[in-house]
Structures are given as C-alpha cells and as structure tokens.
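These are the residues of each chain, in order.
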Amino acid sequence: MKRRINDIFCSIQGEGHNTGRAAVFVRFAGCNMKCPFCDTYFDDFREMSDEEILTEMERYAPRLAILTGGEPTLQTDSTFVDLLHKHGFEVAMETNGTNIPADNIDWIACSPKGRTAIRRCDELKCVFTCPDDADTHGIEATYYYLQPCDMGDLSLNRQITDNCIEYIKQHPKWRLSLQTHKLADFK
C-alpha cells in the first residue's frame, strides 16, 4: 500500500501537551476539511510504502512519531502503527476527529472542526477566536487546550490571545496552548 506523504521531518513539537519534545513528524497529504488557517500544502506529496516511510523516519534520533496532516486517519491503519511500534516508536496522532483512529495509537490529539466521530482522546485542542470555540463537541479528554488562532495580524492575534487567556481564567478546565514553533520560528 502506498501512502501520500507531504513531508517527513525531525523537529520539536510546538503545541499541545507534548510541547518541547523532539519528534519525527509524518505529514500526510489530503484532508476532508478545508480549514482556512491550515499550514499544510496538500498538492505536494509523494507516494511512499510503509517501509519507505519507516526508512526515512529512522534517519532521525527521536522515537516519538507524530502522524499529522492533512488528516492522518484517512491513510493510517493499525498495521502501519504496529510497524512503527515494532521499530521502537511511540505513536501520536493529530486528528480533526471526523474518523476513528486506529486503536493502537499511543496518544491522540483531536482538534475538532465540526462533525466528529471520535468520542474520547488524550488531548482535545480547540482553535480559539472567541468563547464559542471552547466547545468540546461531546468529546471527553484527559487534557483540554485552547489555542489562539493565528490570523496573520499581530494586533488581532494579541487580542485573540488576551481573550483566550481571560476565558481560561474563568474556565480552568482549559489550558493555554501556544504555537511555540511559530513564536520561536522553527519548523
């Protein structure tokens, strides 16, 4: 089976619960949503076998694999996750929650964008522009994060971040997630 891969790279997780951890990112091409703030270019991909993906991943030292996208549930399955586990990887996935991920993933970070199929995750991360965005979509999580939306305008971003912080102070179930990879300017 060939999977459409946008990029495989080593970096530091920049957001959510695993912020600061070194990881190998496998960015899948293709998504069933069209979020205006998405940072993935879907038209640029290469088809790779599981073995080719693994070979590329093993070039890097970190043993945390983050499957992201696009929407990784469209192209991953338990067989692929088993292969990564067999080679010593802890497997995390960032999903929009519209599909049920393989049941052998170690960490699921869900950032819901409307209709969701997932009911439980490790980390629920909602992109915040206003208090209405602090919606769990009926998903239970171990950790709840609000992430201020990057609108590309510094003064607007500051206002959104300030509003997010004030919301969290009134609703302490939520934690703040900043996109540190953008703040520190790394991939």
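Which residues make up the nonpolar core, and what values go with them?
Formed by 38 residues in total, the largest nonpolar core has its most connected members in Ile 8, Met 57, Leu 84, Leu 124, Leu 146 and Trp 174. Leaving out residues up to four positions away in the same chain, Met 57 has contacts with Ile 8, Val 24, Val 26, Ala 65, Leu 84 and Phe 89. Counting eight residues, the second largest nonpolar core, distinct from the first, contains Phe 9, Ala 23, Leu 64 and Ile 66.

An account of empty space enclosed by the protein is requested, with residue identities and associated values reported.
A full pass over the atoms with the stated rule returns one cavity of 30 Å³ or more. Roughly 50 Å³ of internal volume is contained in the largest cavity. In this structure, the largest cavity is lined by Gln 13, Asn 18, Ile 66, Ala 92, Met 93, Glu 94, Trp 107, Ala 109 and Glu 123. Among the secondary structure elements, those contributing two or more residues to the lining of the largest cavity are β5 (90-95) and β6 (107-110). With three residues, the single largest contributor to the lining of the largest cavity is β5. Here the residues of the lining of the largest cavity sort into five nonpolar, two polar and two charged.

For the side chain of Thr 76, give the residues involved together with the corresponding values.
The residue Thr 76 is located in the loop between β4 (64-68) and α2 (78-86) in this model. Thr 76 sits in the buried class, given a relative accessible area of 12%. There is a polar contact of 2.9 Å between the side chain of Thr 76 and the backbone oxygen of Pro 72.

Help me get a handle on α2, residues and values and all.
Of the positions making up α2, those classed as buried are Phe 80, Val 81, Leu 83 and Leu 84. Considered in projection along α2, the buried side chains sweep an arc of 155° and stay on one side of the axis. Exposed side chains of α2 directed beyond 90 degrees from the buried face belong to Thr 79 and Lys 86. Taken together, the buried residues of α2 touch β1 (2-12), β2 (22-28), α1 (50-57), β4 and β5.

Go over the pairing of strand β8 (residues 140-148), please, and point to the residues and values.
Sheet analysis places strand β7 (residues 120-128) next to β8, joined by eight bridges and oriented parallel. Across the sheet, the residue bridging to Arg 120 is Glu 140, located in β8. This β-α-β element, β8 to helix α3 (residues 154-170) to strand β9 (residues 174-176), shows right-handed connectivity.

Got a sec to walk through the packing of aromatic side chains? Specific residues and values, please.
The tally for this structure, following the rule as stated, stands at five aromatic pairs. Judged by centre distance (6.3 Å) and plane angle (85°), the ring pair of Phe 28 and Phe 80 falls under edge-to-face. Here Phe 28 is found in strand β2, whereas its partner Phe 80 is found in helix α2, with 52 residues between them in sequence. The exposure classification of Phe 28 matches that of Phe 80, with both residues buried. Residues Tyr 144 and Trp 174 carry aromatic rings whose centres are separated by 5.6 Å and whose planes lie at 75° to one another, so their mutual orientation is edge-to-face. Highlighted residues: Tyr 144 in strand β8 and Trp 174 in strand β9, separated in sequence by 30 residues. Each member of the pair Tyr 144 and Trp 174 is classed as buried. We note Arg 4 situated over the ring of Phe 45; from NZ or CZ to the ring centre the distance is 5.4 Å. Over the ring of Tyr 144 we find Lys 173, and its NZ or CZ is 4.3 Å from the ring centre.

Here is what the cut-offs are and how they apply
Residues numbered from 1 in each chain as written. Predicted model: local features only at pLDDT ≥ 70, side-chain atom pairs only at ≥ 80, totals over all residues. Heavy atoms only, no water. Core = buried A, V, L, I, M, F, W, Y, C linked by side-chain atoms within 4.5 Å. Buried < 20%, exposed > 50% of the residue type's maximum accessible area, 1.4 Å probe, protein only. Contact = heavy atoms within 4.5 Å. 1 Å grid on protein atoms, 1.4 Å probe; cavity = no way out; pocket = protein on both sides within 12 Å on 5 of 7 lines; lining within 4 Å. Points joined across faces, edges and corners; volume = space filled by probe spheres on them. Helix = DSSP H or I, 4+ residues; strand = E, 2+ residues; numbered from the N terminus. Nonpolar A, V, L, I, M, F, W, Y, C, P; charged D, E, K, R; others polar. Polar contact = N/O pair within 3.5 Å; in protein donor to acceptor, adjacent residues only side chain to side chain. Arc of directions from axis to C-beta. Pairing = 2+ DSSP bridges. Right-handed = clockwise from strand over helix to strand, strands pointing away. Phe/Tyr/Trp six-rings, centres within 6.5 Å; stacked < 30°, edge-to-face > 60°. Lys NZ or Arg CZ within 6 Å of the ring centre and 35° of its normal.

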